[in-house]
Amino acid sequence: MDAAAIIRVEALVKSYEMQRILDGIQFSIQKGSITTIMGVSGAGKSVLLRHLIALERPDSGAVYVDEEDIFSMSWKRLNRMRRRLGVLFQDAALFDSLSVWDNVAFPIKEHRGLSRSQIAQRVEEKLAMVGMLRHRAKLPAELSGGMRKRVGLARALAMDPEIVFFDEPTTGLDPVTRAAIYRLIRHAHDATGGTFVIVSHDIEGVLEISDELFMLWNGKIVAQGTPEQIRDSSDPLVHQFVTGSAEGPIDVDMTSS
Amino acid sequence: MVSVLQGYSGLHRYGAESMIGATVALGLARELGPVLCALMIIGRVGSAFTAELGSMRNTQQIDALASMAVEPVQYLVAPRIIAATVSLPILTMIFCFFGMVGGYWVAVAYLGLDAGMFLGGVRYYLAVEDVAHGLTKSVAFGLIFSLIACSEGYHARGGARGVGLATTRSVVVSAALVLIGDYVMTSLMFHHG
């Protein structure tokens, strides 16, 4: 057991329709770190993330947050734990009937007994942090993909969570917006000192900002290390993924009919 | 209005035009009001419930709620079920009122029946329990369609196609269950007055 671990995953197994997506996954995430779970598309990264926030139940295994198994928590206890989390979903998952402002205010209104002016101050602060204050009255449908991600980030950070999860935070974004999102994540981490967990296949970006990386392949963690260790790894799987080569043990079948 | 025309052509043969008001009132209060109103609301509101919740499911908005420690069923489903169950009887009453107004207009202005005869029939034959039966059905129909619509939307998978299929299923199943439920409740009410 790792004393500094805030999240510990133990022998996690999950299958869908006879296909094993997570095959006995085991790792731990250090408190205050930026940790990335990387892997090719379809490797099961998002499924793993959904288990970390208890949106899915595993076939077997456990996820411990502060040494408490989240799958054996009561609903009330689980919700108490979730108040310590922030999640940026893949497409931001903004509530499309609410404005940018109301989306960010939503978790604060639900859980914090703050006055209107205190809520307004906090929402303003978060929207200013992601540069979306002047778009506060817009609806999600009126925003670009990058803007939605920024609002999603502001909402994920609205409760000043201890742990923030990012599901593919830069997928589908142009290089400039992508760099801006990573810079925001880095700034938010520096400001809050929280534990950030990123799920991504964007190797360039995550090597820049992560403290530790795990590589997921065929339902297992096949590599783990610091950005330098991953970059210099001689493991053929890791090397192929880092260099983005089509040749190697990672077989992406482009010919299946 | 149609039932007045149809009823007139039948009752006229027996010289029983005076029963038109009562026939329309009883038909509307006990049967046509609750059932037709429910079918219209299923098409308009039930489909919207399913499409909205299905879209929220497929864009991870429901997951986002859960991740924010907000119970999605309590936040999204319960208010819709309560609203549907409460509002359907109210809409049924409005439906019946306008049905009666239309029926009165056709009977009196178009067919030339005596207004007093029409209203007298309504007053004499329409009992409070007839209205109560109709409203009881409405409450049950509101509960049935909202449960099905919310359940279909909440569990919709497979993107836009999945939401479309769930919406179709929701409307078809709700309408079928309303008609079956109507028969069952009518039989029970028939046996118990």
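Definitions and cut-offs
- Residues numbered from 1 in each chain as written.
- Chains lettered and ligands numbered in written order.
- Predicted model: local features only at pLDDT ≥ 70, side-chain atom pairs only at ≥ 80, totals over all residues.
- Heavy atoms only, no water.
- Helix = DSSP H or I, 4+ residues; strand = E, 2+ residues; numbered from the N terminus.
- Rg over C-alpha atoms; globule rule 2.2 N^0.38 Å.
- Buried < 20%, exposed > 50% of the residue type's maximum accessible area, 1.4 Å probe, protein only.
- Contact = heavy atoms within 4.5 Å.
- Areas by Shrake-Rupley, 256 points an atom, 1.4 Å probe, with all protein chains shown as cover.
- Lys, Arg positive; Asp, Glu negative; His and termini not counted.
- Charge placed at Lys NZ, Arg CZ, Asp CG, Glu CD.
- Polar contact = N/O pair within 3.5 Å; in protein donor to acceptor, adjacent residues only side chain to side chain.
- Patch = residues over 30% accessible without salt bridge, like charges linked within 9 Å, V, L, I, M, F, W, Y side chains within 5 Å.
- Salt bridge = Lys/Arg side-chain N within 4 Å of Asp/Glu carboxyl O.
- Expected span 1.5 Å × (residues − 1).
- Arc of directions from axis to C-beta.
- 1 Å grid on protein atoms, 1.4 Å probe; cavity = no way out; pocket = protein on both sides within 12 Å on 5 of 7 lines; lining within 4 Å.
- Points joined across faces, edges and corners; volume = space filled by probe spheres on them.
- Nonpolar A, V, L, I, M, F, W, Y, C, P; charged D, E, K, R; others polar.

### Thoughts on the overall build of chain A
Line of reasoning, step 1. Secondary structure assignment for chain A yields nine helices and ten strands.
Line of reasoning, step 2. For a compact globule of 257 residues, the expected C-alpha radius of gyration is about 18 Å, and chain A comes in at 19 Å, within 12% of that figure.
Line of reasoning, step 3. Principal-axis analysis of the C-alpha atoms places the extent of chain A at approximately 55 × 40 × 40 Å.
Line of reasoning, step 4. The buried share among the 257 residues of chain A stands at 54%.
Line of reasoning, step 5. Counting contacts in chain A only where the partners sit at least 6 residues apart, residues at least 24 apart contribute 63% of the total.
Line of reasoning, step 6. Carbon and sulfur atoms make up 48% of the accessible area of chain A, which totals about 11900 Å².
Line of reasoning, step 7. Positive and negative charge centroids in chain A, built from 30 and 34 side chains respectively, lie 9 Å apart.

### Regarding the side chain of E152 of chain B
All names here are of chain B.
Line of reasoning, step 1. Take E152: it is sitting in helix α6 (residues 128–154).
Line of reasoning, step 2. A residue is classified by how much of its surface remains accessible, and E152, at 17% relative accessible area, is buried.
Line of reasoning, step 3. At 3.0 Å, the side chain of E152 and the side chain of R169 are in polar contact.

### Let's talk about unusual backbone geometry
Line of reasoning, step 1. The phi angle at M18 of chain A is positive, at roughly 70°, despite the residue not being glycine.
Line of reasoning, step 2. Mapping M18 of chain A onto the fold places it in the loop between β1 (5–16) and β2 (19–30).
Line of reasoning, step 3. Of note, the phi angle at Q60 of chain B is positive, near 65°, even though the residue is not glycine.
Line of reasoning, step 4. Relative to the helices and strands, Q60 of chain B is located in the loop between α2 (20–58) and α3 (61–67).

### Observations concerning the environment of M1 of chain B
Residues and elements named next belong to chain B.
Line of reasoning, step 1. Among the structural elements, M1 can be located in the segment before α1 (2–11).
Line of reasoning, step 2. Residues M1 and G121, spaced 120 residues apart in sequence, show a C-alpha to C-alpha distance of 16 Å.
Line of reasoning, step 3. Once residues lying within four places of it in the same chain are set aside, the contact partners of M1 are G102, G103, W105 and V106.

### Brief notes about a nonpolar patch on the surface
Residues and elements named next belong to chain B.
Line of reasoning, step 1. Judged by side-chain polarity, I82, V86, I90, L91, M93, I94, F97, F98 and V101 come together as a nonpolar surface patch covering roughly 850 Å² of accessible area.
Line of reasoning, step 2. Examined against the element boundaries, V101 turns out to sit in helix α4 (residues 72–110).
Line of reasoning, step 3. Residue V101 is classed as partly exposed on the basis of its relative accessible area of 40%.

### Quick notes on helix α4 (residues 116–129) of chain A
All names here are of chain A.
Line of reasoning, step 1. Over its 14 residues, α4 runs 20 Å from end to end, which matches the ideal 20 Å to within 8%, given 1.5 Å per residue.
Line of reasoning, step 2. Regarding α4, the residues found buried are I119, R122, V123, K126 and L127. Along α4, the residues classed as buried sweep out an arc of 130° about the axis, all on the same side. Exposed positions of α4 whose direction lies more than 90 degrees from the buried face are S117 and Q121.
Line of reasoning, step 3. Check the buried side of α4 and you find it contacts α3 (100–111) and α5 (145–156).
Line of reasoning, step 4. G131 sits one or two residues past α4 and shows a positive phi near 70°.

### Re the layout of surface pockets
Line of reasoning, step 1. When its volume is computed, the largest pocket comes out at roughly 330 Å³.
Line of reasoning, step 2. Lining the largest pocket are 14 residues, with R50 and E56 of chain A together with Q60, D63 and R157 of chain B positioned closest to its centre.
Line of reasoning, step 3. The element that contributes the greatest number of residues to the lining of the largest pocket is helix α1 (residues 45–52) of chain A, accounting for three residues.
Line of reasoning, step 4. Grouping the constituent residues of the lining of the largest pocket by class yields three nonpolar, five polar and six charged.

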